[in-house]
Amino acid sequence: MFSNKDEFKLAFLKKLEMGFGKTFPESTVRDQYHTLGNMIREFISTDWINTNEHYRLTKQKQVYYLSIEFLLGKVLSQNLMNLGIYTIVQEGLSDLGIGLEQLEEIEPDAGLGNGGLGRLAACFLDSLSSLGLPGHGCGIRYRHGLFEQKIMNGYQLELPDHWLRHGHVWEVRKEDLSVEVPFWGRVECTKTGENLEFKHLDAEYVTAVPYDLPVVGYNNSTVNTLRLWSAEVSPYPVNKDIMHYKRETEMISEFLYPDDTHDEGKILRLKQQYFLVAASLRSIIRSYLNRKGDIKQLSKDICIHINDTHPALAIPELMRILLDEYRLGWEESWEITRGTFCYTNHTTLSEALEKWPIHIFKPLLPRIYMIIEEMNERYCHELWEKFPGEWDHIQEMAIIADGVVKMAHLAVVGSFSVNGVARIHTEILKDREMKLFYQHSPEKFNNKTNGITHRRWLLKANPELSSLITDTIGNDWVYQPEQMKNLLPYMNDSAFLDQLAVVKQKKKEQLAKRILDQNGLLIDPTSIFDVQVKRLHAYKRQLLNIIHIMHLYNRLKEDASCDFYPRTFIFGAKASPGYYYAKKIIKLIHSVAEKINHDPAVKERIKVVFMENYRVSLAEEIIPASDISEQISTASKEASGTGNMKLMMNGAVTVGTLDGANIEIREKVGADDIFIFGLSAKEVMKFEQEGGYNSMEYYYHDKRLQEIINQMRNGFLPDVADEFEPIVDSLLTENDQYFVMRDFDSYVNIQQQAGSAFENRQKWLRMSLRNIAMSGYFSSDRTIEEYASQIWGISNTSLETSIN
Ligand code: 26V
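The structure presented is a predicted model; accordingly, all values stated were derived computationally and were not measured.

(A) Main features of the layout of surface pockets. Computed from the structure, the second largest pocket encloses a volume of approximately 720 Å³. Secondary structure elements with two or more residues in the lining of the second largest pocket: α2 (29-58), β1 (62-66), β4 (135-140), β12 (223-233) and α8 (266-291).

(B) Just the site of the ligand, in detail. Inspection of the region around the ligand gives 20 residues, with H346, N450, E638, S640 and G641 positioned closest. The contact in question runs from an oxygen atom of the ligand to an N or O atom on the side chain of H346, over 2.6 Å. Between the ligand and the protein, one listed contact pairs an oxygen atom with a backbone N or O atom of S640 at 3.0 Å. Coverage of the ligand by the protein amounts to 89% of the 580 Å² it exposes when considered alone.

(C) The sheet that holds strand β17 (residues 404-406), seen in detail. One open sheet holds the 3 strands; their spatial order is β15-β17-β16, and the pairing between them is antiparallel. Both edges of this open sheet fall to β15 (355-357) and β16 (400-401), since each of them pairs with a single strand only. Inspection of the sheet shows β15 paired to β17 by 3 bridges, in the antiparallel sense. The residue bridging W356 from the neighbouring strand is V405, located in β17.

(D) Main features of the sheet that holds strand β21 (residues 567-572). Ordered in space as β22-β21-β20-β23-β24-β25, the 6 strands form an open sheet in which the pairing is parallel. Two strands in the sheet have a free side with no partner beyond their single neighbour: β22 (606-610) and β25 (675-676). Alignment of strand β20 (residues 528-533) against strand β23 (residues 628-631), held across 2 bridges, turns out to be parallel. By the bridge assignment for β23, V531 is matched with S629. Helix α23 (residues 580-597) contacts β21 and β22 of the sheet and is inclined by roughly 145° relative to β22. Against the sheet, helix α32 (residues 761-773) contacts β23, β24 (653-656) and β25, and its axis sits at roughly 85° relative to β24.

(E) Here's a closer look at the side chain of S299. Inspection of the secondary structure puts S299 in helix α9 (residues 298-301). A residue is classified by how much of its surface remains accessible, and S299, at 18% relative accessible area, is buried.

(F) The pattern of salt bridges, seen in detail. Taken as a whole and judged by the stated rule, the model has 54 salt bridges. Close ionic contact of R455 with D781 constitutes a salt bridge, the shortest N to O distance being 2.8 Å. With R455 in helix α18 (residues 454-460) and D781 in helix α33 (residues 780-792), this residue pair connects regions lying 326 residues apart in the sequence. Among the residues examined, D781 registers a relative accessible area of 4% and is labelled buried. Measuring nitrogen to oxygen at the nearest pair gives 2.7 Å for the salt bridge that ties R456 to E620. Of this pair, R456 sits in helix α18 while E620 sits in helix α24 (residues 616-622), placing them 164 residues apart in sequence. Comparing R456 with E620 shows no difference in burial state: the two are buried. Salt bridges sharing common partners tie together K5, D6, K9 and D95.

(G) How the structure looks around the packing of aromatic side chains. Overall, the coordinates contain 24 aromatic pairs when judged by the stated rule. Centre to centre, the rings of Y65 and F124 are 5.7 Å apart; their planes meet at 75°, and the pair counts as edge-to-face. Here the residue Y65 occupies a position in strand β1, and F124 occupies one in helix α6 (residues 116-130), the gap between them amounting to 59 residues. F124 matches Y65 in its accessibility class, with the two residues each being buried. Among the aromatic side chains, those forming a connected cluster through ring pairs are F2, F8, F12 and F43. One cation-aromatic arrangement involves K668 over Y777; the distance from NZ or CZ to the ring centre is 4.0 Å.

(H) Representation of helix α3 (residues 76-83) in the model. By the criterion of burial, α3 is predominantly enclosed, with 8 of the 8 residues buried. Along α3, the positions that sit buried rather than exposed are L76, S77, Q78, N79, L80, M81, N82 and L83. On its buried face, α3 sits against α2, α4 (86-95), α5 (100-106), α6, β11 (204-216) and α18. The positive-phi residue at the C-terminal boundary of α3 is G84, with phi of around 75°.

(I) A look at the UniProt feature "modified residue: N6-(pyridoxal phosphate)lysine" (unreviewed entry) in the protein chain. As recorded in UniProt, the feature "modified residue: N6-(pyridoxal phosphate)lysine" (unreviewed entry) lies at K646. Tracing the sequence through the fold places K646 in helix α25 (residues 643-649). Note on K646: relative accessible area 8%, which makes it buried. Aside from chain neighbours lying at most four places away, what touches K646 is R119, I452, W457 and I623.

(J) Representation of helix α11 (residues 330-340). Within the span of α11, buried status applies to W330, S333, W334, I336, T337 and T340. Around the axis of α11, the buried residues are gathered within 165° of arc, so they sit on the same side. In α11, the exposed residues that point more than 90 degrees away from the buried face are E331 and E335. In this structure, the buried residues of α11 make contact with α9, β13 (302-307), α10 (314-325), β14 (341-344), α13 (366-386) and α15 (407-413).

(K) Structural detail: the nonpolar core. Formed by 135 residues in total, the largest nonpolar core has its most connected members in L36, F275, L313, F361 and W792. No other element matches the 12 residues that α8 contributes to this core. Not counting residues up to four positions away in its chain, the partners in contact with F275 are I140, V181, F183, V206, T207, A208, W229, S230, A231 and I252. Listed in part, the 75 residues of the second largest apolar core include F564, V653, I709 and Y747.

(L) Quick peek at empty space enclosed by the protein. Summed over the entire model, instances satisfying the criterion amount to 7 cavities of 30 Å³ or more. Here the largest cavity is characterised by a volume of approximately 240 Å³. When residues of the lining of the largest cavity are traced back to their parent elements, those giving at least two are α3, α6 and β11. Grouping the constituent residues of the lining of the largest cavity by class yields 10 nonpolar, 5 polar and 3 charged. Of the pockets and cavities examined, the second largest cavity occupies roughly 150 Å³.

Cut-off values and rules
Residues numbered from 1 in each chain as written. Predicted model: local features only at pLDDT ≥ 70, side-chain atom pairs only at ≥ 80, totals over all residues. Heavy atoms only, no water. 1 Å grid on protein atoms, 1.4 Å probe; cavity = no way out; pocket = protein on both sides within 12 Å on 5 of 7 lines; lining within 4 Å. Points joined across faces, edges and corners; volume = space filled by probe spheres on them. Helix = DSSP H or I, 4+ residues; strand = E, 2+ residues; numbered from the N terminus. Near = heavy atom within 4 Å. Polar contact = N/O pair within 3.5 Å; in protein donor to acceptor, adjacent residues only side chain to side chain. Areas by Shrake-Rupley, 256 points an atom, 1.4 Å probe, with all protein chains shown as cover. Pairing = 2+ DSSP bridges. Contact = heavy atoms within 4.5 Å. Axes fitted to C-alpha atoms, helices over the stretch in contact; angles between N-to-C directions. Buried < 20%, exposed > 50% of the residue type's maximum accessible area, 1.4 Å probe, protein only. Salt bridge = Lys/Arg side-chain N within 4 Å of Asp/Glu carboxyl O. Phe/Tyr/Trp six-rings, centres within 6.5 Å; stacked < 30°, edge-to-face > 60°. Lys NZ or Arg CZ within 6 Å of the ring centre and 35° of its normal. UniProt positions renumbered as here; feature names shortened; annotations may be inferred. Arc of directions from axis to C-beta. Core = buried A, V, L, I, M, F, W, Y, C linked by side-chain atoms within 4.5 Å. Nonpolar A, V, L, I, M, F, W, Y, C, P; charged D, E, K, R; others polar.

Rendered as structure tokens:
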């Protein structure tokens, strides 16, 4: 199509004119962006077709990653980079007077996810393709992704995310591959000879239309598919007002759900889940039969991965297909089903474990409910044989109990593999949340510590650091990220450390400029950039961070001469629209920022910045500029965390608790190059089980905390009246569920150590370097290789052997 910048320019200009009926000088930046996007998508299509053809001919095992979220962010530059044409395109555009960054700016973030779980799915897709593995994503094409956050007067406002407003250049609508998904109706059971036959009658159908996105591997000609389903009205007749039906139908793929909404949306959320799995299974099986003939061999030829419990209805749906459509017996269907599914758990927080009330479930999905009932009955029977008479035990493990369907139980019972996302998380699952299941079938349980794609989070987000690494150790690390270890010998090379410092400084200056543009706030790029970016949740303890900032402020006001290295605290976080408490924390951060940023007494010393609308593309700007990575969840609550890995890979040093993957980060970098504080998971769980923590005592005995909490309510913060009473209550009256006050002193101390460490420039750079050098383990390539070999049983058989 084009192999140098001149060919590119010609092709680009021609496509622009043909696509928009305009000359180049008449075109807008958006026209140019769409032209480039379409061109690149067409460029990809040969490899895309070849990859599919290769899979069809080799009949190799395929993996499908079902996820209700895929947080892709922008894809233009990642695609250019993976295709190896970034420079050609950049230079060609530049000859035409177009900056590639301007076009990147135009591209909307595909924000089809809330946070870690959705971004993990996106990183996994990148690794699957880049490793040449046959793995594809299945998700929902939400018309509106996660809301756009605006801050007004310190409060979060939510605006609908219009990412599809100008069309999405990467997607291909495949209407001919649409499938029908039934809801409501009734099940008729008839007896034909020996067999029972089930028919789903009077159902209301929704048409699922697939939109395919190419997932381009890094320099290996592999292009896998992310198939996103859109809900449209079905040609089948319906028994209700057509406008009403249309509205209801289109609502299914209208919004991404924030993860903690309450009752009202339940039916819709359940509809979304069934819509995703029913459509995906129909298309997976169709393509399977196209490749291989025998449905009975299904579990040998495909694996379906369930990302958290949201797609767990795929299990009874496959049973339904095998029983009702292929007329297999229960035992045989069950054998196939259980051999096909694997499940990842992403949280142990009980409030996040999905449970569907029967009265909602049964009428909406009558046949699926019947099948779950039968699964439950047989499973309970099996348990009864093993634990005769132990009713409580059986009740605790049942799939249906107390009037609800327990999705985690369904997922565990119906899968051959269950994994947690960091070692400590898997251990907690095995000896607490899923203890009984673990005792019953220990062979299912395994750990797969999360990872992130170093191609986006280092190569693309931080080209300056990437070049320095490549100049120093060659570019093998791009294919084998663990090779970044080869940087370790440069620990005492002061010339190298100087270059590392230059790179970090440059990224900090770029971010400072962005902050000046967006927040109108002038920050000192030589100050420590102390960063906490993640969803806003009580357990992640942004509150501990802001309380510590209030403490520093009080200290500086009391004694202006005290030893303190200037710091800029940077926050980025969205709160779920219905999460009242999280919104109070956002307001508190803003009130404290207002107070501190306007006080000339601390002017050169502390700044507090809240960056609006945190999302993947903003993360790519903030993370490379960070010095300190705040990973301060209450121990035992953060399943893994992945921001911790992204920051580490960019040379930030972690201040964190022994929680999630922080534990494994410490093992890699060593205890000297990470700042660990606070209660351990064991200690937290002991307090939770046995009591013994009294937050009031901390209020009375720690004058610093007393002053800070008083300042939340005594007019110290501008114009807030009783705004922060819910926060004060959570700390005092509700006994500080997340141990903020308990960990405060330890946090103050470790932060002080981190500050002093930063003052020793050489020492800090060495710490930073060790974090970068040891981050290769946290590449999602390593994670995906583990899934591929230990769970899925797939390997790279691509014709084009990748360079490693
Ligand atoms: C959901 C909810 C909803 C109700 C309120 C409390 C709450 C807390 C957490 C969640 C998250 C559910 C699933 C999730 O996103 N887990 C995240 O998955 C990441 C990828 O494995 C992992 O790194 C994060 O630690 C984990 O929180």
